[in-house]
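Tertiary structure, described
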Amino acid sequence: MADDHNTRAADAPDAVLGLDIGGTKLAAGVVGADGSVRSFLVTPALVQEGVQAVLTRLFDLGRKAIDESGTDPRRIAATGIGCGGPLDPEAGVLLCPPHLPGWVDVPVTRLAEERYGLPAVLDNDATAAAAGEHRFGAGAGARHMLYLTLSTGVGGGIVIDGRTYRGAAGNGGELGHVTVDRNGRHCRGCGRTGCLEAYASGTSIAERAREAVAEAEAAGRPTALTGCSPITAADVSREAAAGDPVATQVWVATTQALACGITSLVNLFEPELVVLGGGVTRAGEQLLAPVRRIVREQAMGPAARAVRISAARTGDRVGVVGAAAVAFERIVNGGAA
């Protein structure tokens, strides 16, 4: 009897397949119940080829990730899928993501289930990233946590009482679209003005830097950013660290806008932790230190004292790890966080 029990335990599922659908790249990997990434593969999305071609490439990548993980396929319990919204996480349908032109009402979880023979779930990629950081990363053990990803856009996710919050229609947590200046810059993501995304995304940092360089050149003021083509957020942070006045101006405005948005969120949710991820956070303490200082100074007293602001730990694999975390949460653990 003991041998039978040991055999069943050895064969029990202990991993999931995570799939991440982006506008420029697709990623897949097998993730263990302890958060270990057993395989991780990336390929171009090539969205111009259409829905069927992209999904075929994604599912083939997932199959290759399983093969390269060294995991017995029988021990993989489910498939988690992360993608930008709008989407219906309960039905598993991509409604009309703007970064995937032509993807309207795509039943991606049903298609994944047919391909792999495993139950599948879909979630917003930023919500999934929050779940991943909460389960496996910087937020492990946190009861109340906010996650913001500063990348091409600014996405977000919320954990309340240890559970991932999704909102009434499954697309809640759009923290990048809190207003930091109601008369401010146009937000390419939602069409409104003054959103946090319009100031703290990598796209916005580069755009504002180009404008600042044009103004400096017109005024005859030199800047090291002139030699950067095209200008990126990484260029701005590097030259600001080196003391370039134009880059410093753009970087200071970025940290102030980010801190303004986070202060409002901290006052609203009073979390114990705010986790920042995405490519912009590669600047490290150059970004985090001023944001921490401003939030500490401007947030309401109890909220300011309660909160920590930390960098994400899941790195460039956050999409796959987050999708896997959602699969563990919603399928493997039956809805328990």
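Provided above is the structure to which this section pertains.
Our subject in this report is the structure included herewith. (Residues numbered from 1 in each chain as written. Predicted model: local features only at pLDDT ≥ 70, side-chain atom pairs only at ≥ 80, totals over all residues. Heavy atoms only, no water.)

1. Describing the sheet that holds strand β4 (residues 76-83)
What the five strands build is an open sheet, ordered β3-β2-β1-β4-β7; its pairing is mixed. Looking at which strands have only one partner, the edges of the open sheet turn out to be β3 (37-44) and β7 (120-124). Shown here is a sheet whose adjacent strand axes are inclined to one another by a mean of 15°, direction ignored. Examined bridge by bridge, strand β1 (residues 15-21) and β4 share six bridges and lie parallel to one another. Across the sheet, Gly18 pairs through a bridge with Gly80, a residue of β4. Sheet strands touched by helix α3 (residues 108-116): β1, β4 and β7. Its angle to β7, the strand with the most contacts, is close to 145°. (Pairing = 2+ DSSP bridges. Helix = DSSP H or I, 4+ residues; strand = E, 2+ residues; numbered from the N terminus. Axes fitted to C-alpha atoms, helices over the stretch in contact; angles between N-to-C directions. Contact = heavy atoms within 4.5 Å.)

2. Here we look at the side chain of Thr314
Structurally, Thr314 is set in the loop between β12 (308-311) and α11 (318-332). Among the polar contacts listed, one links the side chain of Thr314 to the side chain of Glu133, at a separation of 2.5 Å. Setting aside residues no more than four positions away along its own chain, Thr314 makes contact with Gly132, Glu133 and Val321. (Polar contact = N/O pair within 3.5 Å; in protein donor to acceptor, adjacent residues only side chain to side chain.)

3. Describing the side chain of Glu133
With respect to the helices, strands and loops of the structure, Glu133 is situated in helix α4 (residues 125-136). Beyond its immediate sequence surroundings of up to four residues, Glu133 is in contact with Ala138, Gly139, Ala140, Met145, Tyr147, Val275, Ala312, Arg313 and Thr314.

4. Side note on the pattern of salt bridges
Under the counting rule described, the total for this entry stands at 18 salt bridges. Residue Arg166 pairs with Glu329 through a salt bridge whose shortest N-O separation is 3.2 Å. On the criterion of sequence distance, the pair formed by Arg166 in the loop between β10 (163-165) and α5 (197-200) and Glu329 in helix α11 is long-range, its members being 163 residues apart. Residues Arg166 and Glu329 agree in their burial class; the two are buried. Its salt-bridge partner being Arg293, residue Glu297 comes within 3.6 Å of it at the nearest N-O pair. Pair noted here: Glu297 and Arg293 are both in helix α9 (residues 285-298), with a separation of four residues, about one helical turn. Judged by its relative accessible area of 55%, Glu297 falls in the exposed class. (Salt bridge = Lys/Arg side-chain N within 4 Å of Asp/Glu carboxyl O. Buried < 20%, exposed > 50% of the residue type's maximum accessible area, 1.4 Å probe, protein only.)

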